[in-house]
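Next come the chains, spelled out residue by residue.
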Amino acid sequence: MTDASRFEIATVMMALAVLVVTLLVGVGVLQLYLSEETGPLLRNLVVAVILLVFSTALYRQWRRELNSDSK
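Note that the structure is a prediction, hence the values are computed from the model and not measured.

Time to look at the environment of phenylalanine 54. Examined against the element boundaries, phenylalanine 54 turns out to sit in helix H2 (residues 39-70). Among the residues examined, phenylalanine 54 registers a relative accessible area of 59% and is labelled exposed. As for phenylalanine 54 and alanine 17, which are separated by 37 residues in sequence, their C-alpha atoms are 9.5 Å apart.

Together, Val12, Leu16, Leu19 and Leu23 give the surface a local cluster of nonpolar side chains, amounting to about 380 Å² of exposed area. If you trace the backbone, leucine 16 turns up in helix H1 (residues 3-35). Judged by relative accessible area, which is 49%, leucine 16 ranks as partly exposed.

The rules we used
- Residues numbered from 1 in each chain as written.
- Predicted model: local features only at pLDDT ≥ 70, side-chain atom pairs only at ≥ 80, totals over all residues.
- Heavy atoms only, no water.
- Helix = DSSP H or I, 4+ residues; strand = E, 2+ residues; numbered from the N terminus.
- Buried < 20%, exposed > 50% of the residue type's maximum accessible area, 1.4 Å probe, protein only.
- Patch = residues over 30% accessible without salt bridge, like charges linked within 9 Å, V, L, I, M, F, W, Y side chains within 5 Å.
- Areas by Shrake-Rupley, 256 points an atom, 1.4 Å probe, with all protein chains shown as cover.
- Salt bridge = Lys/Arg side-chain N within 4 Å of Asp/Glu carboxyl O.

So this is what it looks like as structure tokens:
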């Protein structure tokens with residue numbers, strides 16, 4: 001796998017994770033607006049934070065491996 005394709009894969013993965021986090025928060029806000037219950041919003045926020053932490057850690061690991069391979 002070339003360095004450029006590794007960078008693209010890591011960037012696309014991070015963009016998809018941000019998209020999913022945005023959708024989770026948006027759906028949670030919509031559920032809060034429609035039902036006025038905070039439970040679904042809080043659940044979606046917790047899932048979004050966990051997803052964001054794991055995807056950021058994976059992205060940083062991929063970037064670190066890419067930098068160490070190129071040296």
